[in-house]
Amino acid sequence: MEYREGSGRWYVGRSRGEKEVYQPSDRVRGHIEEGISFLKWLLYACSIGALVGVVGVAFYYGIDWATQLRGEVPRVVWLLPAGGVSIVLIYRICHMERDRGTNLVLVAVREAEPMKLRTAPLIFLSTIITHLVGGSAGREGAALQLGGSLAAFVGRQIRLDQKDGRVMVMCGMAAAFSALFGTPLTAAIFAMEVVSVGVMYYAAIVPCVSAALVSLQVAQLCGIHSHGYEIGPAALLGPATMVQTAVLGVLCALVSILFCKVMHASPRLYQKYFPSTMLRVTVGALLVLALTLLVGNQDYNGAGDPVIRRMLSGETIPEAFLLKILFTALTLGAGFRGGEIVPVLFTGCAFGTWAGPLLGLPHGFSGALGMAAVFCGATNCPMSALMLAFELFGGEGLSLHALCIGVAYMLSGYYGLYSEQKIVYSKFRTEWIDKKAK
C-alpha cells in the first residue's frame, strides 16, 4: 500500500490503475492538517520563547546594571548629552535613523512589513545607555521591538509565509514582554490586542501563550520576577465603591489622553525648533538634566519601579504623575530610546494614589486601579489591562478593576501611544471605523 501525494488516496501496488483502498475525506484531511499546524506552532513558539527569553534576561540584567550604577554614582547623569549623542551616532552608523520604534512592530504584524535584525542589538544597547545616563524610559516597549525583530528574523530563516510570519512576530512580542515584566497572560493578550483595537488575532493564542510561558520560565530560572506588588486591602464591591471607581476611571481616561498628547507633541516640537538630530538630542538631554537638578532627586529618571513600590506602600506625591509625563516626553521625544509602558504605569500609580483616597478608596488599591486604567487608556487594550491587574495584584477587587478599566477605555477617545495602532471598531457603537490612533 502506498499514499500518492496530491491525490489524497491510498493504493495497493505500484500503479494508479490498481485497486484503490482508502480515500480520506476532506474532514479527516482537515483534522490532520490542523494537528500538524498545532504541533508546528508549539515547536516554533517554544523555540522563540526560549531564544527571546535568554535575550530578554540579558536585557533585564543590562538595564538593572545601568540603574544600579547610576544609583551608586549619581553624577553619571551629567553624561546625559554624551549618552544621547552616542545613541544618535549608533543609529546613524547602522542606517537606522528613521527607525519608527514600536510602531514598526505593529506594522510588521498588520501588514507583514519586514523588520531588520539590526533592530534588536540597537534597541538593546541604546535602551541600556538611556537608563545608565538617567533618561526617563521603560523597558517593555523596547522589549517588543527586541522580541519582534528576533522572531521576524527566525521566521525569514525558516521561510514562513507572510501570514505565519505575522504570528511569529506576535510570539516574539509576547515572549519579550513576559520575560521582562513577568506577566505571561498580559504579554500574550497584549501581543494579539494592541495591533488592531476591536479585532484580536485569536489564531495566535496558542503560539503567544506558549512563547510567553516558556520565556517566563527562562527568566525565573535566571533569578528574576521573584517579587510582586503589595497594595494592601482592596475595596469591597458595593454601590458606593462602584461610583468611586467609575469616577476614578473617568479621571484616569483624562490622564491617559494627556500622556499620549504630550508624548506625540514632544517630538514634533523638537523637530520644529531643532531640525538637526544631533542638536535635538543634546538639547533634550540638557532639559532632562536641568529638570533633574530642579527636582533635586532622580525619582523620575530611569523607569521608576522603586518609586512605584513606595507609592503603593503608602507614599503620596501629588505632582509625580505630571513630572513623570514631562520627563518621559523630554527624553523619548529628543531621540533617546526605551519603552513607554513603565512610565505609563508610574503615571497611573502616582495619579491613583493621590486621587483615589480623595474619592474614598484605599490608597494602595487606588494606585493599582490607576496603573491598570491609565495603561488601558494609553494603549487601548482593555483585556490586557485586566490581565495586568490580575497578574500584578491578584484577583481581589478584580471586578472593580474591570469597571475602572472599562470606563477609562471608553472615555479615552481614540488617542494612543502608538500612531500605527488601528482602531477598527468604535468605542461607543457596534460600528466599523478603521482609523489610526491619534
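Note that this is a predicted model, so its numbers are computed, not measured.

S.K.: In this structure, what is going on with the pairing of strand E5 (residues 422-425)? I would like to understand it.
M.R.: Looking along a regular strand, one sees side chains alternate from face to face of the sheet. In this sheet, E5 lies alongside strand E4 (residues 196-197) in parallel orientation, the contact comprising two bridges. The residue bridging Ser-196 from the neighbouring strand is Lys-422, located in E5. Examined bridge by bridge, E5 and strand E6 (residues 432-436) share three bridges and lie antiparallel to one another. Counted as the bridge partner of Lys-422 is Lys-436 from E6. Between E5 and the antiparallel strand that follows it, E6, lie six residues.

S.K.: Looking at this structure, how should I read a nonpolar patch on the surface?
M.R.: A surface patch of nonpolar side chains, about 500 Å² in accessible area, is lined by Phe-38, Leu-39, Tyr-202, Ile-205 and Val-206. For the nonpolar patch, the secondary structure elements donating two or more residues are helix H1 (26-72) and helix H8 (205-221). If you trace the backbone, Phe-38 turns up in helix H1. In this structure Phe-38 comes out as partly exposed when scored by relative accessible area, which is 44%.

S.K.: Can you walk me through the sheet that holds E5 in this structure?
M.R.: Strand-to-strand pairing in sheets goes through backbone hydrogen bonds, with the strands running parallel or antiparallel. The three strands are arranged E4-E5-E6 in an open sheet whose pairing can be described as mixed. Both edges of this open sheet fall to E4 and E6, since each of them pairs with a single strand only.

Rules behind the numbers
Along each chain, numbering runs from 1 in the same order as the chain's sequence is written. It should be noted that, the model being predicted, local features are given only for residues of pLDDT at least 70 and side-chain atom pairs only at 80 or more, the latter also being counted only at that level, while totals for whole chains, interfaces and linings use all residues. For the side-chain quantities, the full set of heavy atoms in the structure was used; hydrogens and water were omitted. The pairing criterion for strands is at least two bridges between them, as found by DSSP. Helical segments are the DSSP runs of H or I of at least four residues, strand segments are the runs of E of at least two, and each set is numbered from the N terminus. Patch definition: residues above 30% relative accessible area lacking any salt bridge, with like charges linked at up to 9 Å and the nonpolar side chains Val, Leu, Ile, Met, Phe, Trp and Tyr linked at up to 5 Å. Methods summary: accessible areas were calculated by the Shrake-Rupley approach with a probe of 1.4 Å, and residue burial reflects only the protein chains presented. Between Lys or Arg on one side and Asp or Glu on the other, a salt bridge is scored when a side-chain nitrogen of the former is within 4 Å of a carboxyl oxygen of the latter. Each residue is placed in one exposure class: buried if its accessible area under a 1.4 Å probe, protein chains only, is under 20% of its type's maximum, exposed if it is over 50%, and partly exposed if it falls in between.

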